[in-house]
Amino acid sequence: TVVDVPEALKMSLYPNAPLNSVDEDASSGSGEEMNLVDGHNKRHSAVPSSSGRQKRSRKATGDAIVDAMLEIAAASKMRAAAMMKNEDRFSISKCIKVLDEMQGVDQRLYFLALDLFENSNARETFIALKNTSAGMEDFDIELDEMELVAAAVGYYYHNSINKHPRHSLSPNQPNYMTGLMEGPEDACREMLRMDKHVFHKLCGIFRQRGMLRDTAGVSIEEQLAIFLNIIGHNERNRVIQDRFQHSGETISRHFNSVLKAIKSLSREFLQAPPINTPLQILGSRRLFPYFKDCIGVIDGMHVPAHVPAKDQTRFRNKRGFLSQNVLVACTFDMQFIFVYPGWEGSVSDSRVLQAVLDDPDQNFPRIPEGKYYLVDTSYLNMEGFVAPFQGVRYCNHEFKGANCLPRNVQELFNHRHSTLRQAILRSFHVLKERFPILKLAPQYAFQIQRDIVIAACVIHNFIRQEDCNDRLFSSVEEQMVEEVPDFDDLLDMPSGPPLKEEMGIIYFCSIWQNLYTQIY
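Small disclaimer: the values here were computed from a predicted structure and weren't measured. (Residues numbered from 1 in each chain as written. Predicted model: local features only at pLDDT ≥ 70, side-chain atom pairs only at ≥ 80, totals over all residues. Heavy atoms only, no water.)

Our next topic: helix 18 (residues 409–434). Between its terminal C-alpha atoms helix 18 stretches 38 Å, which fits the 38 Å expected from 26 residues at 1.5 Å a residue. Of all the bends in helix 18, the largest measures some 30° and sits at Arg421. By the criterion of burial, helix 18 is predominantly enclosed, with 20 of the 26 residues buried. Where helix 18 begins, the side chain of Asn408 points an oxygen toward the backbone nitrogen of Gln410, at a separation of 3.2 Å. (Helix = DSSP H or I, 4+ residues; strand = E, 2+ residues; numbered from the N terminus. Expected span 1.5 Å × (residues − 1). Bend = angle between axes of the 7 residues up to and from the residue. Buried < 20%, exposed > 50% of the residue type's maximum accessible area, 1.4 Å probe, protein only. Polar contact = N/O pair within 3.5 Å; in protein donor to acceptor, adjacent residues only side chain to side chain.)

Further remarks concern the sheet that holds strand 5 (residues 336–344). The strand order 5-4-3-6-7 describes an open sheet built from five strands, whose pairing is mixed. Of all strands in the sheet, those with a lone pairing partner are strand 5 and strand 7 (385–386), marking the two edges. Here three bridges tie strand 3 (residues 294–304) to strand 6 (residues 372–374), and the two strands are oriented parallel to one another. Residue Cys294 lies in a different strand from strand 6, and its bridge partner there is Tyr372. Across the sheet, helix 17 (residues 349–358) lies against strand 3, strand 4 (323–330), strand 5 and strand 7, angled at about 115° from strand 5, the strand it touches most. Sheet strands in contact with helix 19 (residues 446–466) are strand 3, strand 4 and strand 5, and its direction is about 165° off that of strand 5. (Pairing = 2+ DSSP bridges. Contact = heavy atoms within 4.5 Å. Axes fitted to C-alpha atoms, helices over the stretch in contact; angles between N-to-C directions.)

A word on unusual backbone geometry. A cis amide bond links Phe288 to the next residue, Pro289, at an omega of 10°. Structurally, the position occupied by Pro289 is in the loop between helix 15 (279–282) and strand 3. A positive phi angle, close to 65°, is found at Arg193, a residue other than glycine. The topology assignment puts Arg193 in the loop between helix 9 (185–192) and helix 10 (196–208). With a phi angle near 55°, Asn234 is a residue other than glycine that sits in the positive phi range. The topology assignment puts Asn234 in the loop between helix 11 (220–233) and helix 12 (237–244). Take Asn234: its relative accessible area is 26%, and that puts it in the partly exposed class.

Should their charged atoms come close, side chains of opposite charge can pair. What the rule picks out here adds up to 22 salt bridges. The partner of Asp186 in a salt bridge is Arg189, and the shortest N-O contact between them spans 2.7 Å. With Asp186 and Arg189 both in helix 9, this residue pair falls three residues apart, about one helical turn. Here Asp311 and Lys310 are joined by a salt bridge, their closest N and O atoms 3.4 Å apart. We classify Lys310 as exposed; its relative accessible area is 68%. In the salt-bridge network here, residues are joined through shared partners; they are Lys310, Asp311, Arg314 and Glu344. (Salt bridge = Lys/Arg side-chain N within 4 Å of Asp/Glu carboxyl O.)

Glancing now at a nonpolar patch on the surface. Taken together, the side chains of Leu279, Leu282 and Phe288 make up a nonpolar region of the molecular surface, amounting to roughly 300 Å² of accessible area. Position of Leu282 among the secondary structure elements: in helix 15. Leu282 gets classed as partly exposed once you look at its relative accessible area, which sits at 46%. (Patch = residues over 30% accessible without salt bridge, like charges linked within 9 Å, V, L, I, M, F, W, Y side chains within 5 Å. Areas by Shrake-Rupley, 256 points an atom, 1.4 Å probe, with all protein chains shown as cover.)

Before going further, it helps to spend a moment on the packing of helix 12 against helix 13 (residues 248–263). Where helix 12 meets helix 13, the axes come as close as 9 Å, and the angle between the chain directions of the two elements is 105°. When the axes of helix 12 and helix 13 are compared, the pair comes out roughly perpendicular. Only Gly248, Ile251 and Ser252 of helix 13 make contact with helix 12, whose side of the interface consists of Asn237, Ile240 and Gln241. (Parallel < 35°, antiparallel > 145°, perpendicular 65-115°, else oblique.)

So, on to helix 4 (residues 92–101). Think of an α-helix as 3.6 residues a turn; residues three or four steps apart then line up on the same face. What helix 4 keeps buried is the set Cys95, Ile96, Val98 and Leu99. Looking straight down helix 4, one finds that the buried residues subtend no more than 160° of arc, so they occupy a single side. Structural note: helix 4 exposes Ser93 and Lys97 on the side pointing more than 90 degrees away from its buried face. (Arc of directions from axis to C-beta.)

Below, the discussion takes up the nonpolar core. Among the nonpolar cores identified, the biggest contains 74 residues, and Phe227 and Phe291 are the most heavily contacted of them. It is helix 19 that contributes the most residues to this core, 11 residues altogether. No fewer than three residues from each of domain 2 (176–269) and domain 3 (279–479) sit in this core. For Phe227, the residues in contact, after removing those within four places along its chain, are Phe255, Val258, Leu259, Ile262, Ala455 and Ile459. With 18 residues, the next largest nonpolar core counts Ile295, Val356, Phe364 and Val375 among its residues. (Core = buried A, V, L, I, M, F, W, Y, C linked by side-chain atoms within 4.5 Å. Domains from an automatic or database assignment.)

Following this line, the structure appears as structure tokens:
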């Protein structure tokens, strides 16, 4: 007969509880009643039968099993507590804290120590190298260079015996940052996503304002290069470790520091547009004076998102993939005015805009009186925001071809509206081409994903302001010049004496005035 261990455990924990199950042999034979006395089965008869002896034997076996189980559970708890305590004593953060407090550590030795901390046994050896009179719980220790070298050399010797490949940090190996800064301009631009003079100026801002600081092993230039390599190439932490010869913890720590510093620049580089008529409109007879009061464009940008399973329904957009809906406003010079990331991909663009306008804490730039932004058909026509005519051709590709010219003033307005709105689509293109991390869902916490979008927009504006010959911006501007149509004056409208061009302008001004009156 198999002993019922759960019932035995119940009897051990609750000795006065009634017994629910009875052995089949005993109940079908004599019919004698059974009670629990001090956790053991006793018969009322004075002479115990063979069946009773079997019961006591089975009960004793069950009690032994229960006792063994309880001992195993207690031992497991003690072992888990000891492991947690040991991990806390020799954690990477405590080792780095000790290392940072050391004075006069050579940069190469600092790198060796950071790689050393990836191994738990090596961290314990590092902490143990201290004054023998100090207790193991005391972390206020001082290590000299020789002790640090001994720990690092011992660690690398251990790995060479076990044939574990490690990074070579010999003095003859060229430093990655040195080679990047002293190498060709194209290589620097490809890896850092900007020219050298722009990179150095951004580093100078961080250094002058104290937003970042040089550490014993990593300069501000290298910290920013680590960040730009990650968001500019969507690289994993392990790849950046190999490239910059730092530990994973060091890479992660500096990535977050730079992200925080760049985000703090958002108020400075995401500025409200000027109230004057933009040069892109002022210099075009097809756009001026009809759009002279337009100051920018607003649209939503969907960025792939990595979210927990419980939130995926809300973040799945109409195209079927997970994304965050980012509200963006930009100028016709392709500089971002306002960025609001983090909305679920399933939320409509108009709802996001309305939520921003209703919340004064979002600091949406105040729209000057009489000025407005262009929006597409997913938004509503309201004060400060002008959408195209509904049910009328709008996209530029719908007007391509000799037989697809605008036939009336509504189509003409939509065509010119669409031409101006291309500015924000080009801005999105440049932003995602420069920072491919926005094309795929990164494996970061969602708050970090939101901040990456803001940081990318800040760097985008900084490059636009500091480098008028930036390759990505220049290529988009060249494409924009090639796509400018030359048929807006050829309207299929009744004409007489005045000319068709003048009649088209009169009709266009008339309908624009009517639309403006209805809105305001």
